[in-house]
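Fold and geometry: a report
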Amino acid sequence: MEAQTSKVVLSLGANEVDSLKDGVSFKKNPEDGRCYIIYKSGGGFKACKNQCKHQGGLFIKDIEDLDGRTVKCTKHNWKLDVSSMKYVNPPDSFLQDDLEVEMLDDGGMQLVELNPIDPWLADPREPLELEEGEVKITYLTHACMQLQLGQKHFLFDPWLKGPAFARGWWLLHEPPADCLDRLCAADLIYISHLHSDHLSYPTLKVLSERRPDVPIYVGDTSRPVFWNLERSKVKLTNIKVTPFGIWQNVDENLRFMILMDGVHPEMDTCIIVDYKGHMILNTVDCTRPNGGRLPEKVDLMMSDFAGGASGFPMTFHGGKYSDSWKAEFIKNERKKLLNYKATLVKSLQPRIYCPFAGYFVEAHPSDKYIKDTNIKNRAEDLNALINQLSPDTKTWTPKPGAVLDLGLALKDPTSRWTMTQSVGISADAVLKADVQVVPEAAVQNHKRAKQMEVNAAEEPFNRMRREADANFTMTARWRRAC
């Protein structure tokens, strides 16, 4: 089986993009003569090959469609609704494969094709019944999950100590007291990308001192996850750069596959874990994982939810960047993210959905303005929306140390023994059913203690983190300007 690849099949300049009208447009690649369909609407762009899935005929505009959404095959008159990529005549026949639409900084556009588009379908496995306690998912903090899969322990994105992004982010939830022991006892670790809330060198330093040979799997991105490993002085000896779209067999029951992000394939990845035919999908921070094509009806799906990762617009000032403009922009962006995640869950129909990878806070005193301005989505709000749109999907909002027994959940998701809960103390809150604020004095004491604890230990990593995450604008200079 060959690795999944991405290829730019069509490039348009800014003027060509501006000239695209609402509805359907046909564009030809001048180099190879191949034609592509682009659909423009208020929600953005969609694109696909100009090739019918029935017998490969070419599409033309459907003059009977007054809404400008459908095209008609010249061979057998099959009709495709390009706004949904569904064939409407005959109905319920095929889905057209999307091309990834990548908007460039200069206003241009690229259409990107992933090949194969759905590599997880290679070597399918029939799900076997899981025993109680055989598969357990434990939430530690932020994006860090511990998966017990039979006799193996698999850990995702361990940020377990210290701040991230040059003290710009702090863990909202304190992880369980034994979290570093769990890290060092793992059989394998997956790190999704190089941002320091996922690739935490202070955390990995502990691992390097106790078990430097633990296998750590990363995707084969063009921006290597560990490109600063030598400068970090962290000694890890078993980093495995893994090709995209190929099953990696751990034992006879356990395998996993790393996929690239469609918007940031140079950096972001996501992962599918398969144990005895039961799939767990973790899309982490991917903007459009695998170009939007993902497995349906997985047993557990996890994704980010909060928003607020960018320094824009909080660190900008002057001109239009008033507090009211920022507040309205942030409100709209968070709403769009919430709707996108809920719609994605509705389309994929996982048995269980868990929002995570969004539990951070700008706790440093110099970041008070950013913290107060940079409002995030609440996991509870996303789950409420999912419960409306996809009532058959059970949602799980864990606290640090909470455990999901997947075998029990699949047999009886309503059982109170399916999920256990543990309360994690945070820098700003105690997470129960809803967030409850602790007294301000306690918050400040906790922050000061945390800051003093890491001042000496974290200094060697600060310059490296600032350079590795140059695309983030939350530097000390910008914070002072705010």
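Residues numbered from 1 in each chain as written. Predicted model: local features only at pLDDT ≥ 70, side-chain atom pairs only at ≥ 80, totals over all residues. Heavy atoms only, no water.

Some thoughts on the side chain of Asn282
Put simply, the rule is: Runs of E in the DSSP output that reach at least two residues are strands. Runs of H or I that reach at least four are helices, and both are numbered from the N terminus. As used in this structure description, the phrase polar contact means that two N or O atoms lie within 3.5 Å; if the pair is within protein, one of them must be able to donate a hydrogen and the other to accept it, and residues adjacent in sequence are counted only when both atoms belong to side chains. For this analysis, residues touch if any pair of their heavy atoms sits within 4.5 Å.
Tracing the backbone shows Asn282 in strand S22 (residues 278-282). There is a polar contact of 3.0 Å between the side chain of Asn282 and the backbone nitrogen of Val284. Contacts of Asn282, omitting those with residues within four sequence positions, involve Phe156, Cys270, Ile271, Met302 and Phe356.

A look at the pairing of strand S8 (residues 86-89)
Under the convention used in this document: Following DSSP output, two strands are said to pair if at least two bridges run between them.
Taken together, the three bridges between strand S7 (residues 79-81) and S8 define a ladder with antiparallel strand orientation. Within S8, the position partnered with Lys79 by the bridge is Asn89. What sits between the antiparallel neighbours S7 and S8 is a turn of four residues, in which Met85 has the positive phi angle 60°. Where S8 and strand S9 (residues 91-95) come together, two bridges link them in antiparallel fashion. Paired with Val88 across the bridge in S9 is Pro91. As consecutive antiparallel partners, S8 and S9 are separated by one residue.

As for empty space enclosed by the protein
Defined as follows: For each structure, a 1 Å grid was placed over the protein atoms alone; sets of points admitting a 1.4 Å probe that cannot get out are labelled cavities, open sets with protein on both sides within 12 Å along at least five of seven lines are labelled pockets, and lining residues have an atom within 4 Å of a point. Grid points are joined across faces, edges and corners, and a volume is the space filled by probe spheres set on the points. Classification convention: Asp, Glu, Lys, Arg as charged; Ala, Val, Leu, Ile, Met, Phe, Trp, Tyr, Cys, Pro as nonpolar; all other residues, Gly among them, as polar. In this entry, domain limits derive from an automatic or database-based domain assignment.
Taken as a whole and assessed by the stated rule, the structure comprises three cavities of 30 Å³ or more. In this model, the second largest cavity occupies a volume close to 40 Å³. Around the second largest cavity, the lining residues are Ser6, Glu100, Val112, Leu114, Met260, Asp261, Gly262 and Pro265. For the lining of the second largest cavity, the per-class residue count stands at four nonpolar, two polar and two charged. Looking at which domains feed residues into the lining of the second largest cavity, each of domain 1 (5-115) and domain 2 (119-420) gives three or more.

Overview of the sheet that holds S8
Where we set the bar: Here an angle of 0 to 180 degrees is reported between the N-to-C directions of two axes, which are lines fitted to C-alpha atoms, with helices fitted over the stretch in contact.
Ordered by their spatial adjacency, five strands build an open sheet running S5-S6-S7-S8-S9, and the pairing between neighbours is antiparallel. Strands at the two margins of the open sheet, each flanked by one partner only, are strand S5 (59-61) and S9. Across the sheet, the mean angle separating the axes of adjacent strands is 40° when strand polarity is ignored.

Concerning the nonpolar core
Test applied: Put simply, buried Ala, Val, Leu, Ile, Met, Phe, Trp, Tyr and Cys residues joined by side-chain atoms within 4.5 Å make one nonpolar core. Burial classes: relative accessible area under 20% of the type maximum marks a residue as buried, over 50% as exposed, and values in between as partly exposed (1.4 Å probe, protein chains only).
Ile137, Met145, Phe154 and Val273 are the most contacted members of the largest nonpolar core, which has 67 residues in total. In terms of residue count, strand S20 (residues 254-260) provides more of this core than any other element does, six residues in total. Each residue touching Phe154, except ones within four places of it in the same chain, is listed here: Met145, Gln146, Leu147, Leu149, Leu188, Ile189, Tyr190, Phe256, Ile271 and Val273. If you look at the next biggest cluster of nonpolar residues, it comprises 25 residues, including Leu140, Cys144, Leu160 and Phe226.

Let's talk about the pattern of salt bridges
When the charged atoms of two side chains lie near each other, side chains of opposite charge can form a pair. Using the following cut-off: Each reported salt bridge corresponds to a side-chain nitrogen of Lys or Arg within 4 Å of a carboxyl oxygen of Asp or Glu.
Under the counting rule described, the total for this entry stands at 23 salt bridges. A salt bridge links Glu129 to Lys411; the shortest N-O distance between them is 3.5 Å. Highlighted residues: Glu129 in the loop between strand S11 (109-115) and strand S12 (135-141) and Lys411 in helix H8 (residues 406-411), separated in sequence by 282 residues. A residue is classified by how much of its surface remains accessible, and Glu129, at 60% relative accessible area, is exposed. Between Arg378 and Glu380 there is a salt bridge whose closest N-O contact spans 3.7 Å. Accessibility expressed as a relative area gives 31% for Arg378, which makes it partly exposed. One connected set of salt bridges, linked through shared partners, spans Lys53, Asp97, Asp118 and Arg293.

A few points about the confidence of the model for the protein
Interpretation of the predicted coordinates at a detailed level should be avoided for regions scoring low in pLDDT. What counts, and what does not: How sure the predictor is of each residue is captured by pLDDT, a score from 0 to 100.
Of the residues in the protein, 87% reach a pLDDT of 70 or more, and the chain-wide mean stands at 86. Note that pLDDT drops below 50 for residues 423-482; the model gives that stretch 119 contacts with residues more than four away or on any other chain.

Notes on the state of the cysteines
Selection rule: Disulfide assignment relies on a single distance test, namely cysteine sulfur atoms paired within 2.5 Å.
The final tally for this structure, using the stated rule, is zero disulfides. The thiol of Cys184 is unpaired, and the distance to the nearest cysteine sulfur, on Cys179, comes to 9.5 Å.

So, unusual backbone geometry
With an omega of 0°, the peptide bond running from Asn89 to Pro90 counts as cis. With respect to the helices, strands and loops of the structure, Pro90 is situated in the loop between S8 and S9. The amide bond that connects Phe312 to the next residue, Pro313, takes the cis arrangement and shows omega of 0°. Along the chain, Pro313 falls in the loop between strand S23 (300-303) and helix H5 (323-348). In the Ramachandran plot, Asp157 falls in the positive-phi region, its phi being about 40° despite a non-glycine side chain. One non-glycine residue with positive phi stands out, namely Lys276, at about 55°.

A look at the sheet that holds strand S1 (residues 5-12)
In space, the three strands of this open sheet follow the order S1-S11-S10, with antiparallel pairing throughout. Sheet topology places S1 and strand S10 (100-103) at the edges, where each strand pairs with a single neighbour. Direction aside, the axes of adjacent strands within the sheet are offset by 30° on average. Pairing geometry for S10 and S11, over four bridges, is antiparallel. By the bridge assignment for S11, Val101 is matched with Leu111.

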